[in-house]
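Here is how the chains run, residue by residue.
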There are 2 protein chains.
Amino acid sequence: MRNLRLDISYDGGRYKGWQRLANTDSTIQAKIEQILSRILQEQVEIVGSGRTDAGTHAMGQVANCHCNSTMPCEEILAQLRRYLPEDIGIHSVKNVSPRFHARLNAKTKTYRYRLWNSEAPCVFDRKYVSIDPAHLNLVDMQKAADCFVGEHDFSAFCANKNMKKSTVRYIQTFSVEQVGHEIIFTVTGNGFLHNMVRIMVGTLLEVGKGVRPADSIPNLFGATRAEAGVLMESKGLCLMEVTY
Amino acid sequence: MRNLRLDISYDGGRYKGWQRLANTDSTIQAKIEQILSRILQEQVEIVGSGRTDAGTHAMGQVANCHCNSTMPCEEILAQLRRYLPEDIGIHSVKNVSPRFHARLNAKTKTYRYRLWNSEAPCVFDRKYVSIDPAHLNLVDMQKAADCFVGEHDFSAFCANKNMKKSTVRYIQTFSVEQVGHEIIFTVTGNGFLHNMVRIMVGTLLEVGKGVRPADSIPNLFGATRAEAGVLMESKGLCLMEVTY
């Protein structure tokens, strides 16, 4: 069966997240499935590399979709671009091996969290950053971020309290950089638990404010949700890249 | 009398332009005057460096305002930031000489026009760019832009057909650059007629498409509006800086 790979960007601002839900069509997955089914004239389901939360953005979400249609990829791409709303953009549509699975084959994911760390007004990017003008110790935050690197039990960084599957994940890199008025958190790992990036960033912020020592991060591995930091709001988060 | 200088950014997307209008309060000037009058507890009027069109943005608009209030500038700034909507940002509030006039004293203004020149989706900056994926000859466009530099009669680049005042303006620099998927037009001059930047960019686009020769620009000085190019949409335009 034909298998299509879609590379997707979206502004998650007005959506209830990636994943299709009953009783609403305002999720990214539902929106794309609706339009794609109409274009291909068959009912299709798309599989994303993973869910993104309500309000979270993506520059490099990847999805795949099995179909019978013989419509050329360029034509599918052109029609998707024509009919999708302007806050969902399709970078490419490609034929891939029937065995390609956007979620199961994902090797790494990279997320970016943007924090506007200034009293100065943030007019143009206001929908893509979280705002906190507090003084932050960047050196301590990077030290703490380094502690996340490696394989650890991220139970304390998972919103799902009844998680039955493994909460062990591998973090490859985690950088904290000042860029103009912003602090940019960039984390790459083999997978992320529900809300994991937003809770890690919330915890790093507490380190940056001196509320939590940088070297206390390892104490949180295998700990409970209550021991880690606050959940940051979703609009600062963006799924940047998925590798296979 | 005390004179305040305000440095302002705004996302013009949901406003009917800078200038206060009868029958609506959805202009930037009206919005700021309303809030500022409430903060200072006296009726104030602000004078901008110039109008911006409905939908046009600003990163460096400057305004001044006479008042009697003795409230410290920091307090005025903090209150403006607290009460203004998030699409209007105040960079600073400063005491300036009573003679400072944001419009009359302006020496140069710099505008930037952003054109998304790609088939690739533009999801995140879609409200700040105009989209045209046509192939454009950048060398010809820069040649044509260079023709604008100097003192010329820009009558053909003025939306106001019954302009009674001089249509002579001085353009200092005009650059056309490719930055990623975008073509960025940046023009600095001593003043701009109504819609002048948007008509100049529209004319340059026709040069870039080969519809109009680069060296034909000088023929347009002193000509009529019909001879110049199309008016570009306002959302790609941003007032970047005013110098005094």
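Residues numbered from 1 in each chain as written. Chains lettered and ligands numbered in written order. Predicted model: local features only at pLDDT ≥ 70, side-chain atom pairs only at ≥ 80, totals over all residues. Heavy atoms only, no water.

## Observations regarding the overall build of chain A
Move 1: Helix and strand content of chain A: 4 helices and 10 strands.
Move 2: In chain A, the order of α-helices and β-strands from amino to carboxyl end is β-α-β-β-α-β-β-β-α-β-β-β-α-β.
Move 3: For chain A, whose C-alpha radius of gyration is 19 Å, the value lies close to the compact-globule estimate of 18 Å for 244 residues.
Move 4: For chain A, the C-alpha atoms occupy an extent of roughly 60 × 40 × 30 Å along the three principal directions.
Move 5: By element, 49% of the accessible surface of chain A is carried by carbon and sulfur atoms, the whole surface being about 11100 Å².
Move 6: If the 29 positive side-chain charges of chain A are averaged to one point and the 25 negative ones to another, these points end up 6 Å apart. (Helix = DSSP H or I, 4+ residues; strand = E, 2+ residues; numbered from the N terminus. Rg over C-alpha atoms; globule rule 2.2 N^0.38 Å. Areas by Shrake-Rupley, 256 points an atom, 1.4 Å probe, with all protein chains shown as cover. Lys, Arg positive; Asp, Glu negative; His and termini not counted. Charge placed at Lys NZ, Arg CZ, Asp CG, Glu CD.)

## Some remarks on the environment of A:Cys65
All names here are of chain A.
Move 1: When you line up the elements, Cys65 lands in strand S3 (residues 57-67).
Move 2: Separated by 63 residues in the primary sequence, Cys65 and Arg2 place their C-alpha atoms 8.3 Å from one another.
Move 3: Those residues in contact with Cys65 that lie beyond four places of it in its chain are Arg2, Asn3, Leu4, Leu36, Val44, Glu45 and Ile46. (Contact = heavy atoms within 4.5 Å.)

## What about the domain arrangement of chain A?
Residues and elements named next belong to chain A.
Move 1: Entries for chain A in the domain assignment read domain 1 (2-95) and domain 2 (108-243).
Move 2: Placing a centre on the C-alpha atoms of domain 1 and another on those of domain 2 gives a separation of 27 Å.
Move 3: Listed per partner, the contact involves 15 residues of domain 1 and 16 residues of domain 2.
Move 4: With both sides pooled, the region where domain 1 packs onto domain 2 buries about 1100 Å², and carbon together with sulfur makes up 51% of that total.
Move 5: Together, Asp53, His57 and Met59 form the three largest contributors to the area buried by domain 1 at its contact with domain 2, with a combined 44%.
Move 6: Taken together, domain 1 and domain 2 are joined by 1 salt bridge. (Domains from an automatic or database assignment. Buried area = accessible area lost by both parts, 1.4 Å probe. Salt bridge = Lys/Arg side-chain N within 4 Å of Asp/Glu carboxyl O.)

## Re helix H4 (residues 196-208) of chain B
Residues and elements named next belong to chain B.
Move 1: With 13 residues, H4 ought to run about 18 Å at 1.5 Å a step, and its terminal C-alpha atoms sit 18 Å apart, in line with that.
Move 2: Along H4, 13 of the 13 residues are buried, which leaves the element largely enclosed by surrounding structure.
Move 3: Among the residues trailing H4, Gly210 stands out with phi positive, at a value near 85 degrees. (Expected span 1.5 Å × (residues − 1). Buried < 20%, exposed > 50% of the residue type's maximum accessible area, 1.4 Å probe, protein only.)

## Things to note about the side chain of B:Glu42
Move 1: Within the secondary structure, B:Glu42 sits in the loop between helix H1 (28-40) and strand S2 (46-48).
Move 2: No salt bridge is formed by the buried B:Glu42, whose closest oppositely charged neighbour, B:Arg2, lies at an N-O distance of 7.1 Å.

## What to know about the pattern of salt bridges
Move 1: Applying the stated rule across the entire model yields 22 salt bridges over all chains.
Move 2: Close ionic contact of A:Asp132 with A:Lys209 constitutes a salt bridge, the shortest N to O distance being 2.7 Å. Taken together, the positions of A:Asp132 in the loop between strand S6 (130-131) and helix H3 (138-148) and A:Lys209 in the loop between helix H4 (196-208) and strand S10 (237-243) put the pair 77 residues apart, joining distant regions of the chain.
Move 3: The exposure class assigned to A:Asp132 is buried, which follows from its relative accessible area of 15%.
Move 4: Taking the shortest distance from any N to any O, the salt bridge between B:Arg114 and B:Glu182 comes out at 2.8 Å. Taken together, the positions of B:Arg114 in strand S5 (residues 108-116) and B:Glu182 in strand S9 (residues 182-189) put the pair 68 residues apart, joining distant regions of the chain.
Move 5: Overall, B:Arg114 belongs to the buried group, its relative accessible area being 12%.
Move 6: Where salt bridges share partners, they join A:Asp11, A:Glu86 and B:Arg126 into one cluster.

## As for the relation of the copies chain B and chain A
Move 1: Least-squares fitting of chain B to chain A yields an RMSD of 0.0 Å, with the transformation described by 0.0 Å of translation along the axis and a rotation of 180 degrees. A rotation of that kind, with that shift, is consistent with a two-fold axis. For chain B, the residue whose C-alpha comes nearest the rotation axis is B:Asp125, separated from it by 4.4 Å.
Move 2: A shared binding surface is used by both copies, with 100% of the interface residues of chain B retained as interface residues in chain A. (Least-squares fit on C-alpha atoms with pLDDT ≥ 70 in both.)

## Here's the deal with unusual backbone geometry
Move 1: Backbone geometry places A:Asn23, a non-glycine residue, at a positive phi of 70 degrees.
Move 2: Note that A:Asn23 resides in the loop between strand S1 (2-10) and helix H1 (28-40).
Move 3: If you check the backbone angles, B:Asn195 has positive phi at about 70 degrees while not being a glycine.
Move 4: Following the sequence through the fold, B:Asn195 ends up in the loop between S9 and H4.

## Some points on the interface of chain B and chain A
Interfaces are frequently sized by the accessible area removed from exposure as the parts join.
Move 1: Contact residues are listed per partner, giving 22 residues for chain B and 23 residues for chain A.
Move 2: For the pair chain B and chain A, the summed buried area comes to about 1700 Å², and 61% of that belongs to carbon and sulfur atoms.
Move 3: When the buried area of chain B at its contact with chain A is split by residue, B:Pro121, B:Phe124 and B:Arg126 rank highest and sum to 38% of it.
Move 4: Counting every contact that joins chain B to chain A gives 4 salt bridges.
Move 5: The closest approach of N and O atoms between A:Arg126 and B:Asp11, which form a salt bridge, is 3.1 Å.
Move 6: Run the count over chain B and chain A and you get 6 residue pairs in polar contact (both at pLDDT 80 or more).
Move 7: Residue assignment for the side of chain B that touches chain A shows that the elements contributing at least two residues are strand S1 (2-10), strand S3 (57-67) and strand S4 (88-96) of chain B. (Polar contact = N/O pair within 3.5 Å; in protein donor to acceptor, adjacent residues only side chain to side chain.)

## Description of the packing of H1(A) against helix H2 (residues 73-83) of chain A
Residue and element names in this part refer to chain A.
Move 1: Where H1 contacts H2, the two axes come as close as 10 Å, and the packing angle between them is 130 degrees. One finds that H1 runs oblique with respect to H2. Of the two possible hands of crossing, H1 and H2 adopt the one that is right-handed. Contacts from Ile35, Leu36, Ile39 and Leu40 in H1 reach Ile76, Gln79, Leu80 and Tyr83 in H2.
Move 2: Taken together, the residues that form the contact of H1 with H2 break down as 7 nonpolar, 1 polar and no charged. (Axes fitted to C-alpha atoms, helices over the stretch in contact; angles between N-to-C directions. Parallel < 35°, antiparallel > 145°, perpendicular 65-115°, else oblique. Left-handed = near helix turned anticlockwise from the far one by under 90°. Nonpolar A, V, L, I, M, F, W, Y, C, P; charged D, E, K, R; others polar.)

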